[in-house]
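For reference, the chains in residue letters:
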Amino acid sequence: MTFTVAIDGPAAAGKGTISKAVAAHFGFAHLDTGLLYRAVGAKMLGGADPVSAARTLDPADLDADGLRTPEVAQAASQVATNQAVRDALVAFQRSFATRPGGAVLDGRDIGTVICPTAHVKLFVTASPGCRAKRRFDELSDKGMDVTYETVLADVKARDERDRTRAAAPLVPAEDAVLIDTSDLSIDAAVAAAVAVIEDAR
Ligand code: C5P
């Protein structure tokens, strides 16, 4: 059985939390596709050519330390504007999406480009202030030296770049179900996602 759930949305909207919870609930595999771009971005910061890095990316690269920093996030969104980088990452994502037993992929273009025929498409969003506050709490909890203002600026800069780029811009698929998590608890957001998937099964 294959069953693909595509979860897209802007930075820090709650996609990761919802995706992990939904995957655990249904027993599906989960791929955080942002990690692919973060791994390529980190290699670029280390001096590599982003297109070669994307073409030779190894799944083990997704476990590298330091992929969650704001610097790597910015580098990820820069390499993500490059169509050749995106093209190099398509096959891996599509094969993950069709693995037996079901798969959840979260990112920016899963419902629009990678899996346009996904069984369920969710677009998870929240206000920029809310998203920056969550990301700030998450990074501070990890002991990173950040301020709310710089995190908000980072989130807004990435949103702008992700939404306005020519290659696979961040837009909801026409048939995506919108979940705004601004005023939802984690449990309520997960329950909303689970309900949509239950309906489609
Ligand atoms: O989701 P995350 O914040 O880890 O993604 C980092 C960056 O990778 C995003 O800002 C975006 O530019 C890029 N990305 C993308 N397409 C995806 C996933 C992430 O362009 N499917």
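Residues numbered from 1 in each chain as written. Predicted model: local features only at pLDDT ≥ 70, side-chain atom pairs only at ≥ 80, totals over all residues. Heavy atoms only, no water.

Q: A description of the overall build of the protein should follow, citing residues and the corresponding values.
A: When its secondary structure is counted, the protein shows 9 helices and 5 strands. Starting at the N terminus and ending at the C terminus, the protein contains elements arranged as β-α-β-α-α-α-α-β-α-β-α-α-β-α. The globule rule puts the C-alpha radius of gyration for 201 residues at 17 Å, and the 16 Å found for the protein is close to it. With the C-alpha coordinates of the protein rotated into their principal frame, the extents come out at 45 × 35 × 30 Å. In the protein, which comprises 201 residues, the share counted as buried stands at 49%. Intrachain contacts of the protein at a sequence separation of at least 6 include 79% that bridge at least 24 residues. Each charge class in the protein can be summarised by its mean position, and for the 22 positive and 27 negative side chains these summaries are 2 Å apart. (Helix = DSSP H or I, 4+ residues; strand = E, 2+ residues; numbered from the N terminus. Rg over C-alpha atoms; globule rule 2.2 N^0.38 Å. Buried < 20%, exposed > 50% of the residue type's maximum accessible area, 1.4 Å probe, protein only. Contact = heavy atoms within 4.5 Å. Lys, Arg positive; Asp, Glu negative; His and termini not counted. Charge placed at Lys NZ, Arg CZ, Asp CG, Glu CD.)

Q: Quick rundown of the packing of helix α4 (residues 70–79) against helix α8 (residues 148–164)? Include the residues and the values.
A: Running from N to C, α4 and α8 cross one another at 10°; their axes reach a closest spacing of 10 Å. Regarding the angle of α4 to α8, the classification is roughly parallel. Across from P70, A73, Q74, S77 and Q78 in α4, the residues of α8 making contact are D154, A157, R158, R161 and D162. Per-class residue counts for the contact of α4 with α8 are 3 nonpolar, 3 polar and 4 charged. (Axes fitted to C-alpha atoms, helices over the stretch in contact; angles between N-to-C directions. Parallel < 35°, antiparallel > 145°, perpendicular 65-115°, else oblique. Nonpolar A, V, L, I, M, F, W, Y, C, P; charged D, E, K, R; others polar.)

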